Amino acid sequence: MTSTTNRAMSRRYFPNIIITGTPGCGKSSHSESLVSHLNQELSKKGQEFTHLNVSDLAKERGCIESYDERLDTSVVDEDKLLDSLEVDLEKGGAIVDWHCCDIFPERLIDLVVVLRTDNSNLYDRLKKRNYNEAKLQENLDCEIMEVVLNDAREAYIPEIVIELNSNSAEEMDDNVERIGQWVTNWIKDHPDGVTNELDPELAALAREEQGDDEEEDEDFEIAEEGAYDSDDDEEEYDDDDKE
Ligand SMILES: Nc1ncnc2c1ncn2[C@@H]1O[C@H](COP(=O)(O)OP(=O)(O)OP(=O)(O)O)[C@@H](O)[C@H]1O
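Nothing here was measured: the structure is a model prediction, and the numbers come from that model.

Student: Quick rundown of the packing of aromatic side chains? Include the residues and the values.
Tutor: Under the defined criterion, the tally for this structure stands at one aromatic pair. Relative to F49, the ring of F14 has its centre 4.6 Å away and its plane inclined at 10°; by these criteria the two rings are stacked. Taken together, the residues span a long stretch of sequence, with F14 in the loop between β1 (11-12) and β2 (17-20) and F49 in the loop between α2 (27-42) and β3 (50-53) at a distance of 35 residues. Assessed through its relative accessible area of 3%, F49 is described here as buried. The ring of Y131 is capped by K135, whose NZ or CZ atom sits 4.4 Å from the centre of that ring.

As structure tokens, then:
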């Protein structure tokens, strides 16, 4: 069987969920609690939900490309990271924990949860981590400007992006319960799983667009040739210019 055939048959039977938000909003706490809740409730046929802490995985898998001294943070090679994480996402049941959400292909993501925290709470949490002033301010600004929420809304269809408050332990418990219920419904609604491939209609559309682009390129070449032939016009212009 060719690898193309394998890919064409690739399906996931558990959904992939991104838990995102400004650093300190509670992504790791939510992800750990959610994975343990889901695995107690739903673990079956040897498949489990897995917490993918992307910052840790980027280091473990050699995907750090540089270091930002001012913000005291590592800069990730996103292409390399994505290549590595695609394998995990194709299995399904990934709870992806990262402050960036827009690098993952839509075809592999079923739900994006953006956690939101009031600035006074966030300030206290980040202060406890001894963040330097630049890093602290950058993160607080990011939360006020809703940077992560806007990135999520730009990258994914609105139906799969939800915003949840993460200010207290009670809110976290409610969120985990709510996401757990969503997962149960998703599994019921998708008894045959979902494809990891691009939707066939979208794939056909993409192929059509690619064909159009190639035709346009040809037209463009022809037009360019035409332009190249019209030396006279150029000279006329030059002459006019001189006058
Ligand atoms: N809903 C919440 N209520 C109260 N405390 C919380 C809540 N969520 C997180 N915390 C606390 O805030 C701190 C930061 O949480 P956590 O590490 O989960 O955030 P994070 O978003 O994963 O951060 P980072 O992006 O830096 O990894 C922890 O001390 C955690 O216990």
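Student: I'd like a description of the UniProt feature "binding site: ATP" (unreviewed entry) in the chain, backed by residues and values.
Tutor: Taken from the UniProt record, the annotation "binding site: ATP" (unreviewed entry) applies to G24, G26, K27, S28, S29 and R129. Positionally, K27 belongs in helix α2. Given the relative accessible area of 9%, K27 is considered buried. Looking at the secondary structure, you find S29 in helix α2. Judged by relative accessible area, S29 falls into the partly exposed class, the value being 37%.

Student: Give a description of unusual backbone geometry that names residues and reports values.
Tutor: Backbone geometry follows two general trends: most residues other than glycine have a negative phi, and most peptide bonds adopt the trans configuration. Despite not being glycine, D72 shows a phi value in the positive range, around 50°. With respect to the helices and strands, D72 occurs in the loop between β4 (64-68) and β5 (73-76). Residue D72 is classed as partly exposed on the basis of its relative accessible area, which comes to 36%. With a phi close to 55°, E146 is a non-glycine residue in the positive phi region. Mapped onto the fold, E146 is located in the loop between α6 (133-144) and α7 (147-155).

Student: Talk me through the packing of α2 against helix α8 (residues 169-189); I want residue IDs and the actual numbers.
Tutor: Two elements in contact, α2 and α8, have axes whose closest approach is 10 Å; the angle formed by their N-to-C orientations is 45°. Between α2 and α8, the angle is such that the two are oblique. Note that α2 runs across α8; the crossing there is right-handed. Residue-level contacts link S29, H30, S33, L34, H37, L38 and L42 of α2 to M172, N175, V176, E177, I179, G180, V183, T184 and I187 of α8. Class assignment for the residues of the contact of α2 with α8 results in eight nonpolar, seven polar and one charged.

Procedures and definitions
- Residues numbered from 1 in each chain as written.
- Predicted model: local features only at pLDDT ≥ 70, side-chain atom pairs only at ≥ 80, totals over all residues.
- Heavy atoms only, no water.
- Phe/Tyr/Trp six-rings, centres within 6.5 Å; stacked < 30°, edge-to-face > 60°.
- Helix = DSSP H or I, 4+ residues; strand = E, 2+ residues; numbered from the N terminus.
- Buried < 20%, exposed > 50% of the residue type's maximum accessible area, 1.4 Å probe, protein only.
- Lys NZ or Arg CZ within 6 Å of the ring centre and 35° of its normal.
- UniProt positions renumbered as here; feature names shortened; annotations may be inferred.
- Axes fitted to C-alpha atoms, helices over the stretch in contact; angles between N-to-C directions.
- Parallel < 35°, antiparallel > 145°, perpendicular 65-115°, else oblique.
- Left-handed = near helix turned anticlockwise from the far one by under 90°.
- Contact = heavy atoms within 4.5 Å.
- Nonpolar A, V, L, I, M, F, W, Y, C, P; charged D, E, K, R; others polar.

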